[in-house]
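# Understanding the architecture of this molecule
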Amino acid sequence: MVQVNCNYLKLKAGYLFPEIARRVKGFTSANPSVELIRLGIGDVTEPLPKTCRDAMKKAIEEMGTLEGFHGYGPEQGYRWLRESIAINDYQERGCEINADEIFVSDGSKCDSSNILDVLGDRNKVAVTDPVYPVYVDSNVMAGRTGEAGDVGQYEGLEYLAINEQNNFQAEIPDHHVDLIYLCFPNNPTGAVATKEYLQRWVDYANQNESLILFDAAYEAFIRSNHLPRSIFEINGARECAIEFRSFSKNAGFTGTRCAFTVVPKTLYGRSVDGEKVQIWNLWNRRQSTKFNGVSYIVQRGAEATYSVEGKKEISGLIDFYMENAAIIRQQLLHAGFQVYGGEHAPYVWLKTPDGIDSWGFFDQLLQKAKVVGTPGSGFGAAGEGYFRLSAFNSRENVEKAMRLISKIKF
Ligand code: MLT
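Since this is a predicted model, take the numbers as computed values, not measurements. (Residues numbered from 1 in each chain as written. Predicted model: local features only at pLDDT ≥ 70, side-chain atom pairs only at ≥ 80, totals over all residues. Heavy atoms only, no water.)

Let's shift gears to the nonpolar core. The biggest cluster of nonpolar side chains holds 98 residues, and the ones touching the most others in it are Trp201, Ile212, Phe247 and Leu332. With nine residues, helix H9 (residues 308-334) is the single largest residue contributor to this core. Two domains each provide a minimum of three residues to this core, namely domain 1 (6-47 + 309-407) and domain 2 (52-307). Formed by 29 residues, the second largest nonpolar core is a distinct cluster that contains Ile115, Leu116, Tyr181 and Phe244. (Core = buried A, V, L, I, M, F, W, Y, C linked by side-chain atoms within 4.5 Å. Buried < 20%, exposed > 50% of the residue type's maximum accessible area, 1.4 Å probe, protein only. Helix = DSSP H or I, 4+ residues; strand = E, 2+ residues; numbered from the N terminus. Domains from an automatic or database assignment.)

Here is the structure:
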């Protein structure tokens, strides 16, 4: 029989969201007439912007003609989309990023896992705790960790606790780590980072020759012009960071699939012999070999997000979800919960009432309010005692969910 990748056997239970889906299925099978409100997985619910739909329809029509047909596209993405991204998301905000440094893909989740392909397996990796589980699980799958201990933390990974004491901002290590995953606005806590805080990370990374993997999938939800939307707004980041971005949450592309990763040409790692190696070259090589690009139709849809009309529609979507977040925050505060996030992020992070653990709170919410959320412990040991509610749902459902949650006696 064929040998399997035994690293997968180290993984704890299921991936968080399928595990929630499994529990929810158990509940709905036993209670088939009950309608649940889902504020668990951060999946958008509002329709795709008309500008994007129109652009995709036009692209489909083009594909039906000899002149407009497109076969394989460039593995890195079409030039016109990469240019639009470089100008709108970076150059207009003063970031020195050009189109060549942008790699269009089908998702940040895939990219943040695939990036390990071009990084050595001896790197000391740091993640926050709690954390988006993909960063941890992809390291486990790639054999970059040992076994999980009692609280589910993997040997070989360094966990940087984030909690209310440190304002959900990890302390900068006082020793060397090679690879650091940062996510701002943060999933799951909804915390944001200031320029000063990110500058400290960038300085650390440059002093230590470390690499920051910066997940900015939620940047569009930042409501203040003073907060950085990209790590490349920070001096020195071109020498130490890779950024992941997505059209999933801002333009509703979770089911349409389009994202991008920014790898500056000025970013270097070292070979085992100590020779400097350009990471852009390796990622370009990796993508050209293992990826055939995103469909022409979808890239035209993504490009449309940068049109005047597209920007207007996206800003409407963000406002809508952020109003949901504000309702969730206010109602929870009113009901006496300790609440974090939800001001520059579509996630509200709450402390569970005394004595109830994260999965216990999940069960109570499911049974008593028929609301699905995400247990904080699913994001790491330090997430125990917390719970995440997502603002991605209709206004009606959010209001109903909050009415029901407010009534529960814990
Ligand atoms: C989440 O709920 O954390 C996100 O939906 C996960 C993702 O974007 O992959």
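Back to the write-up after that little detour.
Let us look at the domain arrangement of the chain. Considered domain by domain, the chain is made up of domain 1 (6-47 + 309-407) and domain 2 (52-307). Computed over C-alpha atoms only, the centres of domain 1 and domain 2 are separated by 24 Å. The contact between domain 1 and domain 2 buries some 3,600 Å² in all, and 61% of this surface belongs to carbon and sulfur atoms. In this assembly, domain 1 and domain 2 are joined by two salt bridges. The partner of Lys351 in a salt bridge is Glu164, with the nearest N and O atoms 3.1 Å apart. Our count for the contact surface shared by domain 1 and domain 2 stands at 19 residue pairs in polar contact (both at pLDDT 80 or more). Looking at the side of domain 1 that touches domain 2, the elements with two or more residues in it are H9, strand E11 (339-341), strand E12 (347-351) and strand E15 (386-390). Sort the elements by how many residues they give to the side of domain 1 that touches domain 2 and H9 lands first, with nine residues. (Buried area = accessible area lost by both parts, 1.4 Å probe. Salt bridge = Lys/Arg side-chain N within 4 Å of Asp/Glu carboxyl O. Polar contact = N/O pair within 3.5 Å; in protein donor to acceptor, adjacent residues only side chain to side chain.)

What follows deals with the packing of aromatic side chains. Taken as a whole and assessed by the stated rule, the structure comprises 30 aromatic pairs. With a centroid separation of 5.9 Å and an interplanar angle of 55°, the aromatic rings of Phe103 and Trp280 are classed as tilted. Residue Phe103 is located in strand E2 (residues 102-105), and its partner Trp280 is located in helix H7 (residues 279-290); the two are separated by 177 residues in the primary sequence. With relative accessibility at 1%, the residue Phe103 sits in the buried group. Pairing Tyr218 with Tyr347 gives two aromatic rings, centres 5.1 Å apart and planes at 70°, and the pair type is edge-to-face. (Phe/Tyr/Trp six-rings, centres within 6.5 Å; stacked < 30°, edge-to-face > 60°.)

The next thing to look at is the packing of helix H3 (residues 79-90) against helix H8 (residues 296-304). Helix-helix packing: each pair is described by the crossing angle between the helix axes and the interaxial distance. For the pair H3 and H8, interaxial distance at closest approach is 10 Å and the crossing angle is 25°. By the angle between their directions, the pair H3 and H8 is classed as roughly parallel. In this structure, the crossing between H3 and H8 has a hand that is left-handed. Here Trp80, Leu81 and Ser84 of H3 come into contact with H8, specifically with Tyr296, Gln299, Arg300, Ala302 and Glu303. (Axes fitted to C-alpha atoms, helices over the stretch in contact; angles between N-to-C directions. Parallel < 35°, antiparallel > 145°, perpendicular 65-115°, else oblique. Left-handed = near helix turned anticlockwise from the far one by under 90°. Contact = heavy atoms within 4.5 Å.)

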